[in-house]
Amino acid sequence: QVQLVESGGGLVQAGGSLRLSCAASGSIFSINAMGWYRQAPGKQREMVAFSTSSGDTRYTESVKGRFTISRDSAKNTVDLQMNSLKAEDTAVYFCHVMARTTTSTSARGYWGQGTQVTVSS
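Residues numbered from 1 in each chain as written. Predicted model: local features only at pLDDT ≥ 70, side-chain atom pairs only at ≥ 80, totals over all residues. Heavy atoms only, no water.

A.B. asks: Just give me the short version of the pattern of salt bridges, but keep the residues and values in it.
C.D. replies: Under the defined criterion, the tally for this structure stands at six salt bridges. Asp 89 is paired through a salt bridge with Arg 38; the nearest N and O atoms lie 3.0 Å apart. You can see Asp 89 sitting in the loop between strand S8 (77-82) and strand S9 (91-101) and its partner Arg 38 sitting in strand S4 (residues 28-39), a full 51 residues away along the chain. On the basis of relative accessible area, Asp 89 is assigned to the buried category, the value being 1%. Among the salt bridges present, the one from Asp 89 reaches Arg 66, with a minimum N-O distance of 2.7 Å. (Salt bridge = Lys/Arg side-chain N within 4 Å of Asp/Glu carboxyl O. Helix = DSSP H or I, 4+ residues; strand = E, 2+ residues; numbered from the N terminus. Buried < 20%, exposed > 50% of the residue type's maximum accessible area, 1.4 Å probe, protein only.)

A.B. asks: Lay out the side chain of Ser 51 in plain terms, naming residues and giving numbers.
C.D. replies: Here Ser 51 is to be found in strand S5 (residues 46-52). Residues in contact with Ser 51, not counting those within four places in the same chain, are Asn 32, Ala 33, Met 34, Asp 56, Thr 57, Ile 69 and Arg 71. (Contact = heavy atoms within 4.5 Å.)

A.B. asks: If you had to explain the sheet that holds strand S7 (residues 67-72) to someone new, which residues and values would you point to?
C.D. replies: With antiparallel pairing, the four strands of this open sheet are ordered in space as S1-S3-S8-S7. Looking along the sheet, the strands with just one partner apiece sit at the ends: strand S1 (2-7) and S7. Within this sheet the neighbouring strands show an average axis-to-axis angle of 15°, counted without direction. (Pairing = 2+ DSSP bridges. Axes fitted to C-alpha atoms, helices over the stretch in contact; angles between N-to-C directions.)

A.B. asks: Which residues make up the nonpolar core, and what values go with them?
C.D. replies: The biggest cluster of nonpolar side chains holds 29 residues, and the ones touching the most others in it are Trp 36, Leu 80, Met 82 and Tyr 93. Those elements that provide at least two residues to this core are S1, strand S3 (18-26), S4, S5, S7, S8, S9 and strand S11 (115-120). In terms of residues, this core owes the most to one element, S9, which gives five residues. Those residues in contact with Met 82, other than ones at most four positions away along the chain, are Gly 16, Ser 17, Leu 18, Leu 20, Arg 66, Phe 67, Tyr 93 and Val 117. (Core = buried A, V, L, I, M, F, W, Y, C linked by side-chain atoms within 4.5 Å.)

Okay, here's the thing in C-alpha cells:
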C-alpha cells in the first residue's frame, strides 16, 4: 500500500505564508501525479494544485499566483508553498497521490490524513 505523511499546517495571520509537505512511502511502483486538496467546513473537497509525472502543474483559480506546488520525483515528495494567505484558505489540506503499487496493474488514488490550515483575519 501507499502511505502519505503531511506536515506544515498551522495557524497563520492573513497575508502570511505556510509551506505544506507530503512524503509518500510504501510499496510504490510508480507515481503519476501528486497534489493537494482541501476541504472547509460545510464544503466539498476541492483540488488545490497537482503536479504530473511530466512536470505539468495545475491550480484552482482562487490560488493562482499565491500558491506554488513543487514535486521531487526522486524523493516521492510534494510541497505546497502558500503565500498571501486569506481567511477563505482555511481548511483541512489533504495530500493526494496517483500511484501504482508493486502489486497493481494500474494507478489509483491515495489520501493523506489531512493537516489543518487556519488563517486568521
